Amino acid sequence: MQLHTLTFAALGPFRDQQHIDFGELTAGGLFLLDGPTGAGKSTIIDAVVFALYGQVAGGNSSKYRLVSDHRDLGTEPFVDLVFETGRGVYRVRRTPEYQRPKKRGEGTVTQQASVKLWRGTSPAGVAGDPLSTRAGEADDEIRDALGLSREQFVKTVVLPQGEFARFLQSRSDERRDILQSIFGTEHFESIQAELKRRRADMRKECDDADARLRFAVESFAYASGIEGASDTGTQLVDQVLSAVTDQEDETEAALIGWADEIIAGLAGSYESLTTQCAQAEAARAEAGDRLSDLEQRQSRRDRLRTALAEKEQLEAARDHHDEADRRLDAGRRAATCRSAIDALDAVNGRLERARSRVEVLRATVELPGIDVTTAEQAAIASAHRELLDTVVGLNDMLKLEADLPPRRDELTSLTDEHAKLQKNLASIEARSEALPRQIEMLEEQSAAAREVAAALPSLRAERRTVEELAGVHQDLLDARHERESADSRRRATLRMFTKASETEADLRRRYLEGVAAELAEKLVPRKPCQVCGSVKHPKPAQRMLDHVDRESVDAAEQARIACQQDLDACVEAFSQAATRVAELEGRLDGRTAQELRQRLAELDAAIADAEAAEQSTTTLNHELIRRRQEQQTCREQQGKAIADIAAVDARLASRTEAVDRDAARVSEARLGFPSVASRVSDLKRRAEAASQLMTALAELARYTEDHASRTSELRQAISSAGFASIESVRDALLPDNELADLHRLVNEWRRRMDAVEGRLAEPDLVGIDPDAHLDVEAARAAFAAHEAELTALRQRATTSHDRLNRSRDCRDRLVKTTRHRRAQHDKAAPAIRIAGLANADSPDNATRTPLATYVLQRVFDSVVEAANERLVEMSAGRYTLEAHDGKQHGTRRTGLGLRVIDAHTGHGRETETLSGGETFYVSLSLALGLADVVTAQAGGLRMGTLFIDEGFGSLDPETLDHVMGVLSALRSGGRVVGVVSHVEELKTRIPERIDVRRTSVGGPSTLAVVA
């Protein structure tokens, strides 16, 4: 992986946008990230890691610390990184979650984090549409391109402050967790757990197979029904379950043989019972034949008795049957005339209603020129047509009458309009006479207002100048107060700085006096001294009562530095405040606040008058224009009003003449009625009555003809049915349900009589004596005794047969279960053994090392081996690392312990005994070794960029030379190494660098690339 460019803004201490082109820094293969503590060196590394993974580099840091406290609320924090892997060139742009101003209203709203990912073929060709804009999808794509997780990346590409010193000096079980997170070996523990689970499953299946075998033996003993079989079977199955491998065949054979012996005995019992059943079945058949013969003879006798009794009953009801048959015949014949009778009755009703309607209409209808009570239908039709023709002839006059009221209303409206026009003309003439004088007065007022408003610009300019000076007075008061406050803070901070300096000097003196005691407390019996290397400690120094540790001195130094920074800031603030006071006093030039306020009041009054005049000028000009326009409008309106009056006069005269003429015609057409409409309504009423009378006369004629036809049809139907009169037909008519009941009664009697006579004629009843006595019960008792004996024998045989079959089935299941159990145990044995090896809980694993621990041991051995290649060079051949079993107090044996072998003494010692500089380069060697192993396991992935964060300040010049030699070796292998440090000596050794500086005390940072 190779970094090309990094652009970011509003992150950490950086407020403005920053840009780094790593191509400018790769000429020498080594570059320096330089700057004071807290300036933002680590923020650059955090920006790289955040761009790639959405998280920062340090394990104890939060991605939320990225957003700069110096940024403007409207500025978006972002990181834009272009990098290259074997899969191509990528560009990723991320924004963390931050607060931005609301688009509407006041306050802020949370802007969610975002990501965009591009892919191209060169660093300049990664624009266009993004490859992804979803966080999860982009993260997966970047992780696939890099081949590393975040944990692996920060251990191989970014080596944060103190991370590997903690790894070097951590306990073996803590080191195990770190290695597991880097190399992702959790799946080996999953394999252990899966093997343990499968072993438990296999053991359960074996236990289930044993239980099924025991159940099969118990089922066989129960199926055989032999007393004592269960105890014997239990003893045999116990022998099978407890047998060792070479005895399994013998015990299983004994179990199967015992089952075969029991089945042979059950088969003999079943054959004996089968013979007894055959003999009893022959005796039962003989008794059954005799019983069947008697029952058949008894059945024929009972059938004969029943048929004779039923025939006697039917003969007694013969007279009733004949009467019903006669009524049924008459009812059927009368039913053929029912429709004709119903039709005649219906016509009679309609005929009577038509006659009544004609009589009512003749009494009420009035027709001109005829007597309606005796007139024929033709005369009534002629009078109806004359009425309709008269109505049609009056239609035009009817419309003319309806139009007269609105036409008279129109004449009234024209008269009113004429009066309004006359009044409007008089008003226009009066307005035209007054407008010239009004226009002259407005012109005079406008000229006077313009003269006053001309002075407004100069008055406003003077007021702004005076107002600014009045504000300077208040700024001067605030500046003098700030100068006094700054002076007070400067004096107080000076006292705190003096006290902090004295405290630091005192603590440092006491610390130096007690360093020997502190080193003596770290001595371990039979372990070499860090100073002299001796394993004997005859007189270790003692800690004094006022002893001070290194942490207290460092804290006092930091407190003194903080006070120094505060003092510098206070001095700068006091100087700025004094300068500000001098500037403000020079601008006022001796003018007092009272003078300025008085002049402001005078200017405000003059400006108000000028503004009022300016506004008045505008208003007067508008009014003058309006009056002139009004004068022109009055002239136009006067001409138009005169023309409108003439037009209305002409229309009024013509329309009055037309209305009078049409009113005379309407009056003539009324003929004594109040209106033409009332005359037409009367004519329509009489025409409608004549139409109704004509319809009623036509219906009466039609119904009279229909009545004669229906009467003739009824006479023909009566004659065909064989009746003498309509009254005899009505008497014979029966309802449909009664007719159906008679039909059913007659047919039922005939059916029963035919059936009885048929039964009496059956051949098997011929010669039967209906009074004969037959002893069927004695024969039935004898048959039942033989049947009971046969049933008991069959039940015993069935039980014996069932036991035999169930025993055979159970014997087959017993054989299958025995074989299945044997196969299950054979199948489970390898899995149980492998699980014991992987989980180190069986004697086969002699070292008691679980699989996951074994894998980590091999990985850790590779890391230590790779680290020693560089450690030998960095320590000038003095130190190498050695892994051991890792057994410490309160920890498990993991094989991940680590000690340092000192070539000067030939002994090993714990990593905690290393000095600060030794800890740094040993940790660096371990980190570089770990990076080599991780990249090798990632498919030989090549890491083109490496960052090392701090630690060089603890090295002496000679050791620094060795470390720089190792880093140069990394550089010669094609890797670009970025060193994060503020050590001055590194600036002379590494010319290419990124300078990070704060722009002011407490202010934001900026960076510059020096190449």
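Residues numbered from 1 in each chain as written. Predicted model: local features only at pLDDT ≥ 70, side-chain atom pairs only at ≥ 80, totals over all residues. Heavy atoms only, no water.

(A) Geometry of the packing of helix α9 (residues 318-335) against helix α19 (residues 736-760). One way to put it is that α9 packs onto α19 with a least axis distance of 9 Å and a crossing angle of 140°. Between α9 and α19, the angle is such that the two are oblique. Classified by chirality, the crossing of α19 by α9 is left-handed. Touching Arg318, His320, His321, Ala324, Asp325, Arg327, Leu328, Gly331 and Arg332 of α9 are Glu738, Leu739, Leu742, His743, Leu745, Val746, Trp749, Arg750 and Met753, all from α19. Looking at the contact of α9 with α19 residue by residue, the class counts come to 8 nonpolar, 4 polar and 6 charged. (Axes fitted to C-alpha atoms, helices over the stretch in contact; angles between N-to-C directions. Helix = DSSP H or I, 4+ residues; strand = E, 2+ residues; numbered from the N terminus. Parallel < 35°, antiparallel > 145°, perpendicular 65-115°, else oblique. Left-handed = near helix turned anticlockwise from the far one by under 90°. Contact = heavy atoms within 4.5 Å. Nonpolar A, V, L, I, M, F, W, Y, C, P; charged D, E, K, R; others polar.)

(B) Fine view of the sheet that holds strand β10 (residues 879-884). If you walk across this open sheet you meet the 3 strands as β10-β11-β12, and the pairing is antiparallel. Edge positions in the open sheet fall to β10 and β12 (907-910), since each of these has one partner strand only. Averaged over all neighbouring strand pairs, the angle between strand axes comes to 40°, with direction disregarded. For β10 and strand β11 (residues 897-902), the ladder comprises 6 bridges, and the chain directions are antiparallel. Bridge assignment links Ala883 to a residue of β11, and that residue is Leu898. Sheet strands touched by helix α21 (residues 851-874): β10 and β11. Its angle to β10, the strand with the most contacts, is close to 170°. Helix-sheet contacts for helix α22 (residues 916-937) involve β10, β11 and β12, and the interaxial angle to β10 is about 60°. (Pairing = 2+ DSSP bridges.)

(C) How the structure looks around the layout of surface pockets. Estimated volume of the second largest pocket: approximately 350 Å³. Taken together, Pro36, Thr37, Gly38, Ala39, Gln558, Ile561, Gln565, Asp568, Arg998, Ser1000, Val1001 and Gly1002 make up the full set of residues lining the second largest pocket. The element that contributes the greatest number of residues to the lining of the second largest pocket is helix α15 (residues 550-588), accounting for 4 residues. In terms of residue class, the lining of the second largest pocket is made up of 4 nonpolar, 6 polar and 2 charged. (1 Å grid on protein atoms, 1.4 Å probe; cavity = no way out; pocket = protein on both sides within 12 Å on 5 of 7 lines; lining within 4 Å. Points joined across faces, edges and corners; volume = space filled by probe spheres on them.)

(D) Seen up close, unusual backbone geometry. If you check the backbone angles, Ala10 has positive phi at about 60° while not being a glycine. Relative to the elements of secondary structure, Ala10 occurs in the loop between β1 (2-9) and β2 (18-21). On the basis of relative accessibility, which here comes to 0%, the residue Ala10 falls in the buried class. We note that Ala840 has phi near 55°; this positive angle belongs to a residue other than glycine. Turning to its location among the elements, Ala840 is positioned in the loop between α20 (776-839) and α21. Owing to a relative accessible area of 14%, Ala840 belongs among the buried residues under this scheme. (Buried < 20%, exposed > 50% of the residue type's maximum accessible area, 1.4 Å probe, protein only.)

(E) Local environment of the UniProt feature "coiled-coil region" (unreviewed entry) in the chain. Those residues carrying the UniProt feature "coiled-coil region" (unreviewed entry) are residues 270-364, 411-445 and 739-796 in this numbering. A distance of 117 Å separates the end C-alpha atoms of residues 270-364, which is 97% helix and 0% strand. With 74% helix and 0% strand, the stretch residues 739-796 has end C-alpha atoms that lie 68 Å from each other. (UniProt positions renumbered as here; feature names shortened; annotations may be inferred.)

(F) Expanded view of the packing of aromatic side chains. For the coordinates displayed, the defined rule picks out 4 aromatic pairs. With centroids separated by 5.5 Å and ring planes inclined at 15°, the aromatic side chains of Phe83 and Tyr90 adopt a geometry described as stacked. On the basis of relative accessible area, Phe83 is assigned to the buried category, the value being 0%. Against the face of Trp118 rests Arg91, its NZ or CZ located 4.1 Å from the ring centre. When the ring centre of Phe78 is taken as origin, the NZ or CZ atom of Arg93, which lies over that ring, is 4.4 Å away. (Phe/Tyr/Trp six-rings, centres within 6.5 Å; stacked < 30°, edge-to-face > 60°. Lys NZ or Arg CZ within 6 Å of the ring centre and 35° of its normal.)

(G) Representation of the environment of His473 within the structure. Here His473 is to be found in helix α13 (residues 456-513). Accessibility expressed as a relative area gives 19% for His473, which makes it buried. Along the chain, His473 and Leu588 lie 115 residues apart, while their C-alpha atoms are 7.6 Å from each other. Here His473 is in contact with Leu588, Arg591, Thr592, Ala593 and Leu596, once residues within four sequence places are set aside.

(H) Looking closely at α15. The terminal C-alpha atoms of α15 lie 58 Å apart, and with 39 residues this matches the ideal 57 Å at 1.5 Å per residue to within 8%. Taken as a whole, α15 has its buried residues at Val553, Ala556, Cys563, Leu567, Cys570, Ala577, Val581, Leu584 and Leu588. (Expected span 1.5 Å × (residues − 1).)

(I) Local environment of the nonpolar core. Membership of the largest hydrophobic core comes to 85 residues, with the highest contact counts inside it found for Leu6, Phe83 and Phe153. For this core, the element with the highest residue contribution is α21, accounting for 10 residues. Among the domains, domain 1 (2-161) and domain 2 (185-194 + 850-1010) are the pair contributing at least three residues each to this core. Membership of the second largest hydrophobic core comes to 26 residues, among which are Leu361, Ala690, Leu693 and Ala696. (Core = buried A, V, L, I, M, F, W, Y, C linked by side-chain atoms within 4.5 Å. Domains from an automatic or database assignment.)

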